[in-house]
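Residue-level listing of the chains:
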Amino acid sequence: MKIIDVIHGPNLNLLGSREPEIYGTDALEPINAYIAEKTAEYGIELHFFQSNYEGAIIERIHAARGTVDGIVINPAAYTHYSIAIRDALAAVAIPTVEVHLSDISQREDFRKISVISDVCLRQIGGFGKDSYIFGVEALIGHSALGRIKNELKAVNNREEMLIKIVNILHATFPKYDWTGIYLVEGEELVLHNFHGAPSPHTRIPIGQGICGAAVAENETIIVPDVNADNRYLACSIETKSEIVVPIYANDDIIGEIDIDSHRLDVFKNHDRQFLEEVALEIGARW
Ligand code: DQA
């Protein structure tokens, strides 16, 4: 993922003064600057575009073919009825994430419908200007998943597969400060391989800690603030938030992906979806 087009639809040029109680008080230019600043660590070139005209947005999407690697689009009101923008996105087949500042699922009925979403990888909304950051991250995750699938073709054993995956995850998101895979062995989780500072928790009884809880409860657990969660087994004072994603093979949990961040509250739904897709790849090859 080298170049991402960030496309804003109609009336978004009025952000800042337009219904600030819904869309916030930041104008479009500062929002673009915020998106660029918050995603700078990914080393991606972002190209920003806004238009109030459907045809101009369509031409921008056409021009993206062969020149950009991903699109983050807030189609604004066109979301709800522009089959032409939908067809343009389907035609160019560039990985695209649909974003909204507001949560359109909680607003008027006509806004709950998106004719765009099923030609996009995901729809992300309700996080204000951060929706765009999560959109960029979802594209990066999509591209990393492609890389994982590709590299796993040349892998001959589980050992090599797990090492490759941890390396790619760690290299993809700087916010993933400690990335490891634990495997279930009897009643314990045993640390298989990791990237980051050595952890004292190389064997964790199932049910203990957040890692143990994810296996016991059979689901992904996101902890926005580990210091506010009494299940957390402290391993580094730097860790602020954590995500644990179970890995299933033939319906049994065989292990989990565990990621710690030195930043508070960084694991969002798109991280969950990305890591669950990675876990599926591991499970499918187990
Ligand atoms: C919007 C939601 C749309 O329903 C609306 O027409 C917009 C902005 C959002 O970002 O929340 O213009 O896409």
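Residues numbered from 1 in each chain as written. Predicted model: local features only at pLDDT ≥ 70, side-chain atom pairs only at ≥ 80, totals over all residues. Heavy atoms only, no water.

K.L.:
Just to check I follow, could you spell out the pattern of salt bridges for this structure?
P.N.:
Two side chains with opposite charge may pair up if their charged atoms get near one another. Overall, the coordinates contain 20 salt bridges when judged by the stated rule. For K175, the salt bridge goes to D271, with nearest N and O atoms at 3.1 Å. Residue K175 is found in the loop between α7 (158-172) and β6 (178-185), and its partner D271 is found in helix α9 (residues 269-285); the two are separated by 96 residues along the sequence. For the residue pair K175 and D271, the accessibility class agrees, reading buried in each case. Across the pair E217 and R231 runs a salt bridge whose closest N-O atoms are separated by 4.0 Å. Note that E217 is positioned in helix α8 (residues 209-217) and R231 in the loop between β9 (221-223) and β10 (241-249), a separation of 14 residues in sequence. In this structure E217 comes out as partly exposed when scored by relative accessible area, which is 43%. Through salt bridges with shared partners, one network takes in R107, E108 and R111. (Salt bridge = Lys/Arg side-chain N within 4 Å of Asp/Glu carboxyl O. Helix = DSSP H or I, 4+ residues; strand = E, 2+ residues; numbered from the N terminus. Buried < 20%, exposed > 50% of the residue type's maximum accessible area, 1.4 Å probe, protein only.)

K.L.:
Would you take a moment to explain the domain arrangement of the protein chain for this structure?
P.N.:
By convention, interface size is frequently given as the accessible area that disappears when the constituent parts associate. Taken domain by domain, the protein chain consists of domain 1 (3-142) and domain 2 (157-285). Computed over C-alpha atoms, the centres of domain 1 and domain 2 are 31 Å apart. Listed per partner, the contact involves 9 residues of domain 1 and 11 residues of domain 2. Area buried by domain 1 at its contact with domain 2 is led by E41, R122 and E137, which between them contribute 50% of it. Connecting domain 1 to domain 2 are 3 salt bridges. One salt bridge in this structure joins R122 and E277, with 3.8 Å as the shortest N-O distance. At the boundary of domain 1 and domain 2, one finds 4 residue pairs in polar contact (both at pLDDT 80 or more). Contributions of two or more residues to the side of domain 1 that touches domain 2 are made by β5 (122-125) and α6 (130-152). (Domains from an automatic or database assignment. Contact = heavy atoms within 4.5 Å. Buried area = accessible area lost by both parts, 1.4 Å probe. Polar contact = N/O pair within 3.5 Å; in protein donor to acceptor, adjacent residues only side chain to side chain.)

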